[in-house]
Structures are given as structure tokens and as C-alpha cells.
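What follows is the residue order along each chain.
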Amino acid sequence: MKKILTFLFTFSFFILFSQNKTPDYFYVKTNDSLPFLQYGLGEDRLGSAKMNFLDSNIILKVVDSFKTDYKVQLSQLHSAWIEKKNVIKTQSVNLSEHLTDSWKVFGDSLFDYITIQLDEKLPYKSMMEIHPSRIVVDIFGARTNTNWITQLSTAKEIKNAWYEQPEDDVMRVFIELKHPQNWGYSIYYSETNKLTIRVKRQRIVLSLKNLTIAVDAGHGGTNIGATGIRSNIKEKDYTLLIAKELEKALRQKSAKVIMTRVKDTTLSMYERINFLRQKNPDILISIHLNSSDKDSVNGVSTYYRYIGFRPLSQAILKSMLQTGLNEYGNIGSFNFALSGPTDYPNCLVEVAFLSNKGDEKKILNPKFRQQVVKKIVAGIEAFLKNL
Ligand SMILES: [Zn+2]
């Protein structure tokens, strides 16, 4: 009996104590340092797998902490991680039961838009789908009260828009596109908490003349990248040579070209992505040279992150194989920073391996580099022609 009483006493004390405890969570807001959600805490060369970039001032509930990251609860069933440097602490908010208002679908001279009024800047996650070509956006903490969706004929690329409520606190936005090719989209909030999904339209005339192509020379400055196995050449110098050659070739085709760097400049991924975001290109081509621990590994490869952007990387790889380089492959879901933006189709080209003698010899040859550039241009043209 005494034992039971002691137990009951301890138990009720425990209950009392736990009730008085301060909550073991707090709230943060994203800052404008290009914050992104991560699925987990992976620590390989490319870091944790990224979910997507977030706008600034998004409210997140922190429920755990590990080294440089916070674990955030997005909804009852979903959590993610975010780097501590991407957020600042903020006052407590109620993150459940946010009702959505009616939507509007419309266009201006450049883009199509979907706007959804919310009363708080809630976190979201976006996905690209193919066949049919769709953009799917989950809004966490949102419960639909959208009783109508106004669709105007000024919208040219958005074919259909609707929602589902797959979970009590997750609203899913579906945007069906008119064209099979996804030309990119951006998600942001207005100051009045209006969530906007801005959709890029497919150009009516698909030729290089009408397009702005961004060219990114990998590495630069203090970031030298890989080095040649025999020659010791630096990756940063040869990516720049190829990028400049590509710029010239694209200009000859009357394309507008944007270069992330034209000199031996140190540029962070943040600076590159921010610069590209301001310039709003139609396509991004990133140039790198590969390296492997095994010196027998060789060949050309192209990379994409989102399935909707795959066709560009496939067309470029197919064209580049005509240079006689071996195929290293077309690599998807690639967690490279510059493959992360959804704003424009992008392709990372790893021309060949600096760690392989045969490939290195080719990279050193200016005639071969010209051939590479020609084939990248032909790849972009083939991609456009297939649409
Ligand atoms: Zn590189």
C-alpha cells in the first residue's frame, strides 16, 4: 500500500512538474540568406538532401536542435531540418488551423500567377511532375476555406488550377501546365501574406534568338576545384575558358547571354543564385570538370535536380557524346546548389574527368574545347526543337 501511495505521489508530482514546464518548442522566421529545408541531416560532399528553397519571413516551429541545424515541425505528420544560420527567433504564433481564402489565376505580359491569401507566411514544399506537366505545392498548416478560384484569360500557361486537402493540416495546390515542358516557377509571399506562385511561360518562338541563356563557370578565385592529374591545371581556369567560348558561340546565334563570372572571381553559391534570380534567365548552363579517386573513370555527364528539367540535360548529353567522349551518364535528383532553383530549366555539364589522363589531354586541347561548346549549343537547340 505504501509503495502504491509513494508511486501515486511521485506520479502526480511528475504530472504537475511537466505541466509547469516551459514548452519544448519555439518559433523562428527565415531570413533572406536563401534558406532551404532539408529532408534530413546527411553530411556527404553535397550536404543534406534539399527539399526546396523558402522565401524570407516564413514562420517555422522548432522542435529539436542538432549542431548547426534545427528540426522544424511543418505539420502533424511532416518535419524537416533547416540550418540555424537561415533563421532568426521570433515570437510565438499559432501555426495550426490557418484558413485559405479564394484564389486568383491570371497573367501579365511576362508570367502567369496564382495568388492565395493566407493570414500567416506558412512553410511550403513544391514538386514538379511530368505527363501531365504539373507543379504541386503543399502548404503546411493550411486548411482550405477556398470556396472559389477565379481564372482569367490573361493566364496563358496555367491550364488548370485546383486543390486537395490530403491531410487535416496540409493543403495541396495543383497547377497543370499547357505545355509538356516546365519553364520554371517561383514561390514567394507578398507583405500581406499573399502566397504567389509565378509560372514562366513557354516562348511562342523557341529559338536561341529569343532566349536569355545564363552561363556559369564553376569555381573561381580561392575555390580552385579539381586539378589535372598530369598537368596540374586548375578546374576553375578551364571552366572559365569553356564558359567564355560558350558565351561567344551563343552570341553568334543571337542569344542574350548572362555570365556569373568572366574573371577569376571568388563567388559563393548564394551569390551565384541571387545574381541569377535577379537576371531571370530562360536557361542556365553550369560548366564543371569532373574528378574521381579512380583514374580510370572518364566521360561526359549532365545533371539535373527536378524531373521537369531533365529533357534539357538529356539533349545536351546526347549531343556531347558526338565529341567522342565516353558516357558517364545523365544524373538526376542531383543535390547541387545551382540545380536547386526551380525558376528556370538548368543543366550542370561535367565535361570530362581531370583525373583521367585521356580526358585531361582532351580538355587541354583548344580545338576539343571548341567542339565541346559547339555540341552544348547544338544540344540546347535540339532541346528547343523537340518541344
Ligand atoms: Zn567542379
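For the structure, check the block above.
To keep things clear, this report deals only with the structure shown in the data block. (Residues numbered from 1 in each chain as written. Predicted model: local features only at pLDDT ≥ 70, side-chain atom pairs only at ≥ 80, totals over all residues. Heavy atoms only, no water.)

## Section: the overall build of the protein
Stage number 1. Within the protein, the secondary structure is distributed over six helices and 24 strands.
Stage number 2. Within the span of the protein, comprising 387 residues, buried residues form 50% of the whole.
Stage number 3. Looking at the protein as shown, the accessible area adds up to about 19200 Å², and 51% of this sits on carbon and sulfur atoms. (Helix = DSSP H or I, 4+ residues; strand = E, 2+ residues; numbered from the N terminus. Buried < 20%, exposed > 50% of the residue type's maximum accessible area, 1.4 Å probe, protein only. Areas by Shrake-Rupley, 256 points an atom, 1.4 Å probe, with all protein chains shown as cover.)

## Comments concerning the environment of Asn-210
Stage number 1. Mapping Asn-210 onto the fold places it in the loop between strand S18 (194-200) and strand S19 (212-217).
Stage number 2. Distance from Asn-210 to Gly-228, taken between C-alpha atoms, is 37 Å for residues 18 residues apart in sequence.
Stage number 3. Beyond its immediate chain neighbours, meaning those up to four positions away, Asn-210 contacts Arg-203, Val-205 and Asp-282. (Contact = heavy atoms within 4.5 Å.)

## Quick notes on the sheet that holds strand S17 (residues 185-189)
Stage number 1. Taken in spatial order, the five strands make up an open sheet running S14-S9-S10-S18-S17, and their pairing is mixed. The open sheet terminates on both sides in strands that have one partner only, identified here as strand S14 (149-151) and S17. Each neighbouring strand pair of the sheet contributes to a mean axis angle of 15 degrees, computed without reference to strand direction.
Stage number 2. As judged from the five bridges shared by S17 and S18, these two strands associate in the antiparallel manner. From the neighbouring strand, Tyr-189 faces S18, where its bridge partner is Leu-195. (Pairing = 2+ DSSP bridges. Axes fitted to C-alpha atoms, helices over the stretch in contact; angles between N-to-C directions.)

## Description of helix H2 (residues 235-252)
Stage number 1. Given a rise of 1.5 Å per residue, 18 residues ought to cover 26 Å, and the 26 Å separating the end C-alpha atoms of H2 matches this to within 8%.
Stage number 2. Residues of H2 that are buried include every one of Glu-235, Lys-236, Tyr-238, Thr-239, Leu-240, Ile-242, Ala-243, Leu-246, Glu-247, Ala-249 and Leu-250, and no others.
Stage number 3. The inward-facing, buried residues of H2 contact S19, strand S20 (256-259), strand S21 (283-290), strand S24 (346-353), helix H5 (357-364) and helix H6 (366-385).
Stage number 4. Positive backbone phi, at 65 degrees, marks Ser-254, one or two positions downstream of H2. (Expected span 1.5 Å × (residues − 1).)

## A few points about helix H3 (residues 269-279)
Stage number 1. Listed as buried for H3 are Arg-272, Ile-273 and Leu-276. An end-on view of H3 places all buried positions within 90 degrees of arc, on one side of the element.
Stage number 2. Elements that come into contact with the buried residues of H3 comprise strand S3 (50-53), S19 and S21. (Arc of directions from axis to C-beta.)

## Here we look at the nonpolar core
Stage number 1. By size, the foremost hydrophobic cluster in this structure holds 43 residues, and its most contacted members are Leu-250, Ile-285 and Ile-376.
Stage number 2. Taken together, the elements giving at least two residues each to this core come down to S19, H2, S20, S21, helix H4 (310-320), S24 and H6.
Stage number 3. Here this core takes eight residues from H6, the largest share from any one element.
Stage number 4. Discounting chain neighbours no more than four positions away, the residues touching Ile-285 are Ile-213, Ala-214, Val-215, Asp-216, Leu-246, Leu-312, Ile-316, Cys-347, Val-349, Ile-376 and Ile-380.
Stage number 5. Among the nonpolar cores identified, the runner-up in size contains 42 residues, and Ile-135, Phe-140, Ile-175 and Val-199 belong to it. (Core = buried A, V, L, I, M, F, W, Y, C linked by side-chain atoms within 4.5 Å.)

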